[in-house]
Structures are given as C-alpha cells and as structure tokens.
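Residue-level structural notes
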Amino acid sequence: MKVTTARALDDWRVDWSFKDGQKVGEMWDANFSQSDSRVTATAADYNKTVAAGADLAFGFIASWQGANSLGYDVTLNGQACTKA
C-alpha cells in the first residue's frame, strides 16, 4: 500500500477495512494488527518520519476465500484518505 501525505509526519498509522474476510498473515515495512475486518499498520522504527508531499509504503500478504475486494475506509493517523 502506498499513501502520500500532505504534511510531514513524525510517526504514522494507516487503518483500513476488508469486506471479504481477508486476513493479513505477513507485512513488511510496518507492524500490523487486525481485529475482524479492520487492519492497522504502524510505522517500523526505521520509517516513522515522512516528509511533506512524500509517500509512505508497506506491503502485506493476505489470505481470503471467494471475492477479494479492495480495502476501504482508509485512514492516515485517524484522518480519512482520498483514493487516487
């Protein structure tokens, strides 16, 4: 996932929801937790700082059965994100 921020960040958290029962099994360049359909990714120690106008990015592997819709209701530090 790639998120572009308008403001400089000293730390970050990205949250989103899945609607098809996807479960994250592994994530890189972030730490994660998942409660039902809601996933939270938090900065690793080495990528907490993000300059204004820059991207933060991390990847993950998830499992699912049937449909595999994109995540929705994405937030960055609690603020809604717009889809590019």
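In what follows, the accompanying structure is described. Since the structure is predicted, the reported quantities are computational estimates derived from the model, not experimental observations. (Residues numbered from 1 in each chain as written. Predicted model: local features only at pLDDT ≥ 70, side-chain atom pairs only at ≥ 80, totals over all residues. Heavy atoms only, no water.)

1. Brief notes about the pairing of strand β8 (residues 72-76)
Where strand β2 (residues 13-17) lies against β8, three bridges are found, and the strand directions are antiparallel. Bridging across to β8, S17 finds its partner in Y72. Across two bridges, β8 lies against strand β9 (residues 79-80) in antiparallel orientation. Paired with T75 across the bridge in β9 is A80. Once β8 ends, the chain turns through two residues before running back antiparallel as β9, passing N77 with a positive phi of about 50°. (Pairing = 2+ DSSP bridges. Helix = DSSP H or I, 4+ residues; strand = E, 2+ residues; numbered from the N terminus.)

2. Some points on the packing of aromatic side chains
Between two aromatic rings, the relevant description is the distance of the centres plus the angle of the planes. In this structure the tally under the stated criterion is five aromatic pairs. Taken together, the aromatic side chains of W12, W16, F18, F58 and F60 make up a single cluster linked through ring pairs. (Phe/Tyr/Trp six-rings, centres within 6.5 Å; stacked < 30°, edge-to-face > 60°.)

3. Regarding the pattern of salt bridges
Per the counting criterion, the structure on display carries three salt bridges. With its nearest N and O atoms 3.7 Å apart, the salt bridge here joins D55 to K2. Taken together, the residues D55 in strand β6 (residues 55-57) and K2 in strand β1 (residues 2-4) connect sequence positions 53 residues apart. Assessed through its relative accessible area of 59%, K2 is described here as exposed. Note that R13 and D15 form a salt bridge whose closest N and O atoms lie 2.7 Å from each other. What makes R13 partly exposed here is its relative accessible area of 32%. (Salt bridge = Lys/Arg side-chain N within 4 Å of Asp/Glu carboxyl O. Buried < 20%, exposed > 50% of the residue type's maximum accessible area, 1.4 Å probe, protein only.)

Bear in mind that shape data such as this cannot, by itself, settle questions of function.
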